[in-house]
Amino acid sequence: MGDHAGLQRRLGLPGSVVIGIGSMVGAGVFSALGLAAARAGGLLMAALLVAGVTAWLNAISTAQLAAVHPTSGGAYTFGRRQLGEWAGFLAGWGFVTGKSASIAAMAYTAALYIVPVAGSSGTEWTARWVAIAAVVLLTGVNLLGITRTVQATVVILVPVVLVLALVIVAGLASGPDAGSPAPPVGSAAPVEPSVLGVLQASGLLFFAFAGYARIATMGEEVRDPRRTIPRAVLGALAFTLVLYVLLAWSLTRVLGPGGLAASEAPVRDAVGVLFGPDWLWLAVAGAVLASLGSLLNLVAGVSRTGLAMAREGDLPRPLARVSARTSVPWVAQLAAAAVVIVLLLTADVLTVVGFSSFGVLVYYAVSNLAAFTLTERVVRSPRWLNLTGAVLCLVLAFTLPAMSVVIMLAVFAVGLLGRLVVRRERSW
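Presented here is an overview of the structure given in this document. (Residues numbered from 1 in each chain as written. Predicted model: local features only at pLDDT ≥ 70, side-chain atom pairs only at ≥ 80, totals over all residues. Heavy atoms only, no water.)

Turning our attention to the overall build of the protein. When its secondary structure is counted, the protein shows 16 helices and zero strands. Counting every position in the protein, which comprises 428 residues, the buried fraction comes to 58%. For the protein, contacts bridging at least 24 residues in sequence account for 83% of all contacts bridging at least 6. (Helix = DSSP H or I, 4+ residues; strand = E, 2+ residues; numbered from the N terminus. Buried < 20%, exposed > 50% of the residue type's maximum accessible area, 1.4 Å probe, protein only. Contact = heavy atoms within 4.5 Å.)

Shown next, in the form of structure tokens:
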């Protein structure tokens, strides 16, 4: 392994778009829609619209910044160069901690579909070990290099999109009169529509839109970044937004607003209604593949941001080591996997989606403010859009469930205090 090797520009436009879509299509499709419906009620589409608009504004800022600063690190690097070291650290710390929690949540979600947990501690620990095995396997794939990551993402993404397309077409064609028995999702009390409910739902749904950031964190591995990155970011988000809108519409028609709000696995329940219980394996396979696809690209994105932070001394220097053979930041990759495994062994990771969203929303708030300061506007757009994106990110972050906000504020405080202590020791 070489300590001073650099990353190589191997990604073109198709590969970059695949990375972005593969990172997004996962959590939002198979978990976040039900969680959001439980908070937004009949205003799920309004919440999806708010999340989509916020994501689009962030995508514009990300594309502008990544084209001007085509290097690893995403908003961490953008914040340092445009706003200063502390703003950059705030973004990087939010991304690394929030997305590490997301990796753990995705791995455990995939495991729960494989090993259903029904109150048994034995099956719960089996699911945890399956999740750990998934993290180890996909970390190994990432260590083979970025071209292998793209190839694996294509293999995973194609059947997932086909499964979702089948559910969308069948759901919109048959709707609530499909003639099948009601799904076994329990009953949900009617949700009174409210502004807070819509905002909380939007914050949870935003968790599903954040995948395009992986393209920016891989800026050193994209060919012709000024042209490729803006197109890849906006193209991946546009595809995913259309997919989510159609799927939310289909699931609402098939399950009803109450059924969707009560469902922990809405795609699985919709498949049961539309095609019968014999076809539930189709939804399980799609959920597992989608989760694994998100995992594959989340691990890559976290390791690239860790690489950038280590280069600047904001994380331990050994994390900046890159393999001369595969051009992969192997130490950062292994460190990220280790943190995720600890989370899987010690925490109920399905509860961390909220503070993961908080961390990523702070990350994008910094990104929007950094884009506002750019003098070179590769993607033409008025500066007020950058400010609007920053405000929306902060509003969604601080209207998330209170416990999520408190936990992430504590995590940020620890990170900022740690950086302050390290800086003072170095100055002595």
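On to the layout of surface pockets. Rolling a probe over the atoms, with the probe sized like a water molecule, indicates the empty space that remains. Put simply, the second largest pocket is a space of about 390 Å³. Forming the boundary of the second largest pocket are 19 residues, of which Val96, Thr97, Ser100, Ala335 and Val339 lie nearest the centre. Breaking the lining of the second largest pocket down by element, the ones donating at least two residues are α5 (85–114), α12 (280–311) and α13 (330–346). Broken down by class, the residue content of the lining of the second largest pocket amounts to 15 nonpolar, four polar and no charged. (1 Å grid on protein atoms, 1.4 Å probe; cavity = no way out; pocket = protein on both sides within 12 Å on 5 of 7 lines; lining within 4 Å. Points joined across faces, edges and corners; volume = space filled by probe spheres on them. Nonpolar A, V, L, I, M, F, W, Y, C, P; charged D, E, K, R; others polar.)

On the secondary structure map, Thr139 appears in helix α6 (residues 121–143). Within the local environment of Thr139, its side chain forms a polar contact with the backbone oxygen of Val135, the two atoms lying 2.7 Å apart. In this structure Thr139 touches Val299, Gln333, Leu334 and Ala337, once residues within four positions along its chain are discounted. (Polar contact = N/O pair within 3.5 Å; in protein donor to acceptor, adjacent residues only side chain to side chain.)

Where α5 meets helix α14 (residues 353–372), the closest approach of the two axes is 8 Å, and the angle between their N-to-C directions is 150°. On the basis of their axis angle, the class for α5 and α14 is roughly antiparallel. Both α5 and α14 take part in a crossing whose hand is left-handed. Two secondary-structure elements touch here, α5 through Ala87, Leu90, Ala91, Gly94, Phe95, Gly98, Lys99, Ala101, Ser102 and Ala105 and α14 through Val353, Phe355, Ser356, Gly359, Val360, Val362, Tyr363 and Val366. Here the residues of the contact of α5 with α14 are counted per class, giving twelve nonpolar, five polar and one charged. (Axes fitted to C-alpha atoms, helices over the stretch in contact; angles between N-to-C directions. Parallel < 35°, antiparallel > 145°, perpendicular 65-115°, else oblique. Left-handed = near helix turned anticlockwise from the far one by under 90°.)

What follows covers the nonpolar core. Within the largest apolar cluster, 125 residues are counted, with the highest numbers of intra-cluster contacts made by Phe30, Leu164, Leu205, Leu247, Val267 and Leu344. Among the elements that line this core, the one with the most residues is α5, at 14 residues. Apart from residues lying up to four places away in sequence, Leu164 is in contact with Val25, Val29, Phe30, Leu243, Leu247 and Val267. (Core = buried A, V, L, I, M, F, W, Y, C linked by side-chain atoms within 4.5 Å.)

To continue, consider empty space enclosed by the protein. Counted according to the given criterion, the structure contains two cavities of 30 Å³ or more. Approximately 30 Å³ is the volume attributed to the second largest cavity. What lines the second largest cavity is Gly22, Val25, Ile156, Leu157, Val160, Leu289, Ala290 and Gly293. For the lining of the second largest cavity, the secondary-structure elements that each account for two or more residues are α7 (146–174) and α12. Partitioned by chemical class, the residues of the lining of the second largest cavity number six nonpolar, two polar and no charged.

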